[in-house]
Amino acid sequence: MKRWCSFLLIISLLFGVSACGTSESSKVSETQEEKKIQIGLTFDSFVIERWQRDRDVFVSVAKELGAEVNVQNANGDVEEQKRQIEYFIQKGMDVIVIIAIDPEALRESVAKAKDAGIKVVSYDRLIDDTEVDLYISFDNEMVGTLMGEALADAGLGEGGYVIMLCGSPTDNNVPLVDGAFKKVMEKNRVTILDIIHAEGWRAEIASAYIYSHGVAIQQADAIMCGNDDLATQAVRALAETRQAGDILVVGQDADLAACQRIVEGTQLMTVYKPVERLATRAAEACVALGRGETLSGEDVTVIESGAYSVPYIGLEPVSVNRDNIDEVIIGSGFHLKEDVYLNVPSQMPQ
């Protein structure tokens, strides 16, 4: 009987040690899991071509840095974007990154996230007059300036006429781009015939305008498009009236279709914004914020946003035309040479 009791005692001790070891191992595993920074990323939509590239680079870099990213797409619905931010708050994210549909409508959502101790990053579009922890974008005033200067360099000057087919009125980058463009037009004494804004960045608004404003289009020497998606629809409409290539068209984002039009001669220029650099820098900054670190680097400055001083990282855009498209776009790997020259293979550089 004593031997049997001793045997049972030994077995119980062995199981106790084993269970204890398993528990400790589990705790270590959980602790390691808890150390992963959790980032919530909500997009306006994926209608604009570049957003998919931003998403892929951001997620990849964040993962390499040991973070997990939950990506949501609001499909242009601001109420859905509010729900997504609320979902991120409930999930206890360390950082929430927002590509805002309507910055003004999201101020309360940002405040709730901040009250919950979550860091908030405005990506590409500033949610103004809120205490965001970082605003990261391109120099949008430079975008407008580059567009205007491209037209001026192409000969648009005193006595010239331009139409502005601008982006969404709820996108706070739009007035920055538009304002800088207008300054260049004023400096060169170019008359702005008309200004419209595409609600929700709906590109079909550009073609609809051209179809219904034939007189103004006949008078225009140039069309400034808020992005290359709008330019695509504008050029298609101009092609139907055999005016594509006669009217100067400028845009931004360096979409593949825009780059193809540049080598074809139906779009004068686009503004290339190296989104890989932007998304990479944003992912690095988000992981640092999630770890409770202070943002640092020569590229970190501060801008005033209402009552708040907001950390800001601004990257420089690049003007792209027929002269430098091979170097800037193809040379950087942003688009492949065979894709850019798809419709004009005879012009493809060897």
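Going by the structure above, here's the rest.
Quantities reported herein were computed from a predicted structural model and do not represent experimental measurements.

(A) Structural detail: the layout of surface pockets. Its volume calculated, the largest pocket comes out at about 270 Å³. Lining the largest pocket are 20 residues, and of these Ala150, Ala154, Leu268, Met269 and Asn321 lie nearest its centre. Looking at the lining of the largest pocket, the elements with two or more residues in it are helix H5 (140-153), strand S9 (248-250) and helix H10 (256-264). Examining the composition of the lining of the largest pocket, we find that 4 residues originate from one element, H5, more than from any other. Residue composition of the lining of the largest pocket, by class: 10 nonpolar, 6 polar and 4 charged. Volume-wise, the second largest pocket comes out at about 160 Å³. Surrounding the second largest pocket, 13 residues form its lining, Asp44, Ser45, Gly76, Gly200 and Trp201 being those nearest its centre. Classifying every residue of the lining of the second largest pocket by side-chain character gives 4 nonpolar, 6 polar and 3 charged.

(B) Quick look at the pattern of salt bridges. Per the stated rule, a full pass over the model turns up 17 salt bridges. For Lys36, the salt bridge identified is with Glu68, shortest N-O distance 3.7 Å. In this pair, Lys36 is assigned in the loop between helix H1 (2-34) and strand S1 (37-43) and Glu68 in strand S2 (residues 67-73), connecting sequence segments 32 residues apart. Since its relative accessible area comes to 34%, Lys36 is described here as partly exposed. The exposure class of Glu68 is partly exposed, given its relative accessible area of 31%. In this structure, Asp56 and Arg55 form a salt bridge, with 2.9 Å as the shortest nitrogen-oxygen distance. With a relative accessible area of 42%, Asp56 lands in the partly exposed category. Linked through salt bridges whose partners overlap, the residues forming this network are Asp44, Arg125 and Asp171.

(C) Looking closely at helix H6 (residues 173-187). Helix length check: H6, at 15 residues, gives a terminal C-alpha distance of 22 Å against a target of 21 Å (1.5 Å per residue), a fit within 8%. Restricting attention to buried positions, one finds in H6 the residues Asn173, Val174, Val177, Asp178, Ala180, Phe181, Val184 and Met185. The buried side chains of H6 occupy one side of the element, clustering within an arc of 165 degrees when seen end-on. Across H6 from its buried face, at more than 90 degrees, point the exposed residues Pro175, Lys183, Glu186 and Lys187. Buried positions along H6 lie against strand S5 (134-138), H5, strand S6 (161-166), strand S7 (191-197) and strand S8 (222-225). Where H6 terminates, the next one or two residues include Arg189, which has phi positive at roughly 60 degrees.

(D) Structural detail: the sheet that holds S1. Spatial strand order, S2-S1-S3-S4-S5-S12-S11: 7 strands in an open sheet with mixed pairing. The open sheet has two free edges, formed respectively by S2 and strand S11 (300-305), since each of these has just one partner strand. The mean inter-strand angle of the sheet, taken between neighbouring strand axes irrespective of direction, is 25 degrees. Relative to strand S4 (residues 119-123), strand S3 (residues 95-98) runs parallel, the two sharing 4 bridges. Bridge pairing in S4 places Ile96 opposite Val120.

Here is what the cut-offs are and how they apply
- Residues numbered from 1 in each chain as written.
- Predicted model: local features only at pLDDT ≥ 70, side-chain atom pairs only at ≥ 80, totals over all residues.
- Heavy atoms only, no water.
- 1 Å grid on protein atoms, 1.4 Å probe; cavity = no way out; pocket = protein on both sides within 12 Å on 5 of 7 lines; lining within 4 Å.
- Points joined across faces, edges and corners; volume = space filled by probe spheres on them.
- Helix = DSSP H or I, 4+ residues; strand = E, 2+ residues; numbered from the N terminus.
- Nonpolar A, V, L, I, M, F, W, Y, C, P; charged D, E, K, R; others polar.
- Salt bridge = Lys/Arg side-chain N within 4 Å of Asp/Glu carboxyl O.
- Buried < 20%, exposed > 50% of the residue type's maximum accessible area, 1.4 Å probe, protein only.
- Expected span 1.5 Å × (residues − 1).
- Arc of directions from axis to C-beta.
- Contact = heavy atoms within 4.5 Å.
- Pairing = 2+ DSSP bridges.
- Axes fitted to C-alpha atoms, helices over the stretch in contact; angles between N-to-C directions.

These results come straight from atomic positions and should not be treated as a statement about function.
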